[in-house]
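# Understanding the architecture of this molecule
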There are 2 protein chains.
Amino acid sequence: MCGTEACLIKCSPVPCVTPETRENGTLINWDTLINLDHGDPVMYESYWRKMGNRCDITFSGYQSLSYFANAKNLCWFLEPKLEEEIKRLHNVVGNAIVDDHYIVVGTGSSQLIQAALYALSPTDEPEPISVVSAAPFYSSYPEVTDFVRSGLYKWAGDARNFEKDGPYIEFITSPNNPDGVTREPVVNGIQGILIHDLAYYWPQYTAITSPAKYDVMLFTVSKCTGHAGSRIGWALVRDKEVARKMTKFMEISTIGVSKEAQLRAAKILGLISDSCLDPTLENFFEYSQSHMTKRWQRLREVVKSSDLFTLQKYPLQYCHFTRDFYESHPAFAWLMCKGSEDDLEKLLKGYKIQTRSGRKFGSDPKCVRISMLSRDEDFNIFLQRLMSIQGVTNGN
Amino acid sequence: MCGTEACLIKCSPVPCVTPETRENGTLINWDTLINLDHGDPVMYESYWRKMGNRCDITFSGYQSLSYFANAKNLCWFLEPKLEEEIKRLHNVVGNAIVDDHYIVVGTGSSQLIQAALYALSPTDEPEPISVVSAAPFYSSYPEVTDFVRSGLYKWAGDARNFEKDGPYIEFITSPNNPDGVTREPVVNGIQGILIHDLAYYWPQYTAITSPAKYDVMLFTVSKCTGHAGSRIGWALVRDKEVARKMTKFMEISTIGVSKEAQLRAAKILGLISDSCLDPTLENFFEYSQSHMTKRWQRLREVVKSSDLFTLQKYPLQYCHFTRDFYESHPAFAWLMCKGSEDDLEKLLKGYKIQTRSGRKFGSDPKCVRISMLSRDEDFNIFLQRLMSIQGVTNGN
């Protein structure tokens with residue numbers, strides 16, 4: 001940084017740093033927006049490249065023509081190999097009880113969120129059931145709940161402000177998206193129906209303090225292994241009728257889930273389990289923990305040297321998977337503006353950093369959610385641009 | 001057939017025929033239900049086996065991690081290779097105009113049906129828009145339209161009985177599921193919005209009389225190539241804003257469509273186009289036309305020699321793809337009972353043939369829909385059982 005007036009906030013965004021080149025050869029110059037709005041988990045590509053052809057999977061033209069994967073299973077389109085690898089991975093990591101639960105596979109966990117709402121909503125009520133989550137909540141919940149104006153369920157906002165009597169559905173996202181905080185139910189009403197969204201309850205993001213054992217638990221390959229393009233999620237469901245209704249939802253809405261994606265996900269989850277057990281393989285969670293830890297350290301240093309921003313803090317917790325203490329390193333940074341700036345998303349966009357405003361999470365526009373799962377070169381430029389806003393020297 | 005009393009209707013279902021063995025070694029005896037309820041297109045496996053490894057596709061662990069396929073495309077999750085092969089196949093077959101249409105990919109055409117309803121429904125009306133289709137209509141339309149009790153759209157039944165003023169959405173399925181008939185709009189109201197479901201407009205089922213050019217056209221890999229397990233469908237959409245809203249539906253409901261399934265579908269569609277142009281390859285449509293023609297001939301012979309049943313008839317039409325006249329050989333047989341039996345599904349189930357009642361298509365329970373796309377051995381047993389009901393001699 002040159003430290004001149006031009007480097008100061010709002011005067012001349014992001015000066016004095018040499019343009020960089022992406023791996024694919026495209027130049028990132030200062031006109032290029034760095035998109036950290038979505039949680040696109042491309043950071044994990046480096047691990048999978050190191051694994052070479054260990055995860056290769058080949059499909060012949062004559063395979064997987066049928067709609068059915070296992071007609072005898074309650075979830076008749078679930079590939080048996082994926083079911084096996086999901087169970088194995090949860091047992092290896094210890095982050096969820098699977099033995100007394102049914103597995104329902106979905107086209108990403110978005111579809112499972114809708115399937116769970118469909119399965120858990122009363123069908124005999126005149127009014128749709130209220131759906132809530134404590135702010136800041138995952139920005140998709142309101143949209144996914146309301147986009148077709150269902151008469152079964154209706155978004156009712158921040159769980160902390162919910163005071164209606166009667167049944168309701170509460171999403172508990174833990175660790176939370178956007179802020180990474182470990183969560184418990186908030187409303188605690190007698191007729192509460194809970195959906196635990198555990199997309200981020202994996203060792204690279206947070207300590208595994210005990211195996212989760214809830215009625216409905218949602219997971220996704222996207223945030224576990226980084227394979228967001230596959231669109232594979234799964235639900236662990238205690239009650240048979242709820243699992244049956246969720247399966248019915250999948251049947252009506254998409255007649256099951258892509259077999260190619262399921263079989264590839266099985267292979268990938270299988271390798272992750274192997275990597276935790278076979279010392280000749282690089283442990284996936286150690287690799288990604290190490291990456292997340294370094295990124296968070298660098299971000300915290302940049303933020304620390306600033307008067308403008310603060311970050312969410314996390315406690316040190318004992319992780320039963322790594323058998324060590326671990327501080328959460330969430331998939332998103334929840335950045336807050338201490339200054340007079342009212343719209344942090346807008347401020348950062350001026351510096352070519354695309355983030356998602358706290359407003360979209362039912363929270364303060366002085367906050368933004370920033371993906372921590374971008375490629376290295378994008379993350380580096382993000383830090384440089386953040387520093388340039390603050391006018392501080394890069395300590396790294 | 002022995003021709004004894006035991007062979008006659010309702011006395012002793014399906015006697016005197018030797019049990020058969022499936023390709024996978026399991027025995028089909030007379031206790032085994034032959035399931036022709038679903039249109040599971042496993043008939044096509046034989047073609048794809050003959051193609052050997054020509055359609056093999058391998059995925060490495062580091063591929064397709066991102067949510068995005070082409071951020072610059074309106075449908076940002078559509079793989080460019082799939083887009084290219086969809087356009088190429090339509091041009092080769094001549095069954096749809098693609099050049100002035102947007103392509104939106106979906107998790108099967110079921111999801112596209114919902115996306116189209118979402119995109120085409122008015123958002124400023126107090127009441128949901130009526131959705132209709134002429135009976136017999138595809139049995140999923142009522143369920144897909146109403147399952148989450150949308151406030152945007154609502155199933156209003158048989159298009160022929162629809163007399164309400166104002167806007168409505170009409171599904172035109174052509175050739176029709178279940179009865180294979182070529183269709184036109186029925187309501188013809190001033191404010192009608194049309195969705196053309198062209199899942200079966202391929203040369204193995206019907207003559208390609210001209211390239212379809214409608215506002216919204218739906219297709220699916222399942223019924224074109226037989227790869228139902230992949231869950232890939234596509235919409236050709238004339239209006240940019242409608243295509244954008246359909247894409248938005250996919251984004252909210254499943255954040256896109258599996259990349260593995262898209263890339264494999266691209267490979268498979270590509271081979272089909274190649275097979276039409278390269279004389280060293282067995283032409284996919286000729287192969288499947290020949291299969292469908294033989295099956296329909298055999299079924300018509302069985303039905304002809306019976307006093308109990310009749311089948312839908314189809315005109316001979318000139319097919320611009322094969323440059324020859326062709327009579328439709330639909331993916332489903334629409335079988336009608338001439339006798340006093342009121343519930344044909346029940347009658348056939350007594351003979352261990354699972355079909356789908358006309359009732360589910362908004363039609364007469366004296367009719368059933370029967371899949372013509374089963375494996376050869378199941379189709380053979382179906383014919384034997386059908387003969388045994390009638391007490392006629394097998395002419396084949």
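For the structure itself, look to the data block above.
In this report, we go over the structure that sits alongside the text. What you see is a predicted model; the values in this text were computed from it and never measured.

### Describing the interface of chain B and chain A
- Facing the 62 residues of chain B at the interface are 62 residues of chain A.
- Here chain B and chain A share 4 salt bridges between them.
- With its nearest N and O atoms 2.6 Å apart, the salt bridge here joins A:Glu260 to B:Arg264.
- Counting only elements with at least two residues in the side of chain B that touches chain A, the list comes to α1 (45-50), β4 (57-59), α3 (108-120), α4 (140-146), α5 (221-225), α6 (240-254) and α7 (259-277) of chain B.
- If you tally residues by element for the side of chain B that touches chain A, the top one is α6(B), at 5 residues.
- A class-by-class count of the residues in the side of chain B that touches chain A yields 24 nonpolar, 26 polar and 12 charged.
- The pairing of strand β4 (residues 57-59) of chain A with β4(B) spans 3 bridges and is classified as antiparallel. Within β4(B), the residue paired with A:Ile57 across the bridge is B:Phe59.

### Let's talk about the relation of the copies chain B and chain A
- For the pair chain B and chain A, the relating rotation is 180°, the translation along its axis is 0.0 Å, and the fit reaches an RMSD of 0.0 Å. A rotation of that kind, with that shift, is consistent with a two-fold axis.
- Taken together, the interface assignments show that 100% of the residues at the interface of chain B recur at the interface of chain A, consistent with an identical surface on both copies.

### Regarding the nonpolar core
- With 242 residues, the main nonpolar core has A:Trp48 and B:Trp48 as its most contacted residues.
- Once residues lying within four places of it in the same chain are set aside, the contact partners of B:Trp48 are A:Gly61, A:Tyr62, A:Leu65, B:Cys55, B:Thr225, B:His227, B:Ile268, B:Leu271, B:Ile272 and B:Phe284.
- Judged by nonpolar contacts, the second largest core, of 6 residues, contains A:Ile57, B:Ile57, B:Phe59 and B:Leu263.

### Considerations on a nonpolar patch on the surface
- A surface patch of nonpolar side chains, about 330 Å² in accessible area, is lined by A:Leu316, A:Tyr318 and A:Phe325.
- For A:Tyr318, the location among the structural elements is in strand β13 (residues 316-319).

### Quick notes on unusual backbone geometry
Residues and elements named next belong to chain A.
- Across the junction of Ala135 and Pro136, the peptide omega takes the value -5°, indicating a cis bond.
- Even without a glycine there, the phi angle at Ile255 is positive, about 45°.
- Inspection of the secondary structure assignment puts Ile255 in the loop between α6 (240-254) and α7 (259-277).
- Judged by relative accessible area, which is 17%, Ile255 ranks as buried.
- Despite not being glycine, Lys352 has its phi angle at roughly 60°, a positive value.
- Along the polypeptide, Lys352 turns up in the loop between α9 (344-350) and β16 (353-354).
- Looking at Lys352, the relative accessible area reads 30%, which means it is partly exposed.

Rules and cut-offs
- Residues numbered from 1 in each chain as written.
- Chains lettered and ligands numbered in written order.
- Predicted model: local features only at pLDDT ≥ 70, side-chain atom pairs only at ≥ 80, totals over all residues.
- Heavy atoms only, no water.
- Contact = heavy atoms within 4.5 Å.
- Salt bridge = Lys/Arg side-chain N within 4 Å of Asp/Glu carboxyl O.
- Helix = DSSP H or I, 4+ residues; strand = E, 2+ residues; numbered from the N terminus.
- Nonpolar A, V, L, I, M, F, W, Y, C, P; charged D, E, K, R; others polar.
- Pairing = 2+ DSSP bridges.
- Least-squares fit on C-alpha atoms with pLDDT ≥ 70 in both.
- Core = buried A, V, L, I, M, F, W, Y, C linked by side-chain atoms within 4.5 Å.
- Buried < 20%, exposed > 50% of the residue type's maximum accessible area, 1.4 Å probe, protein only.
- Patch = residues over 30% accessible without salt bridge, like charges linked within 9 Å, V, L, I, M, F, W, Y side chains within 5 Å.
- Areas by Shrake-Rupley, 256 points an atom, 1.4 Å probe, with all protein chains shown as cover.

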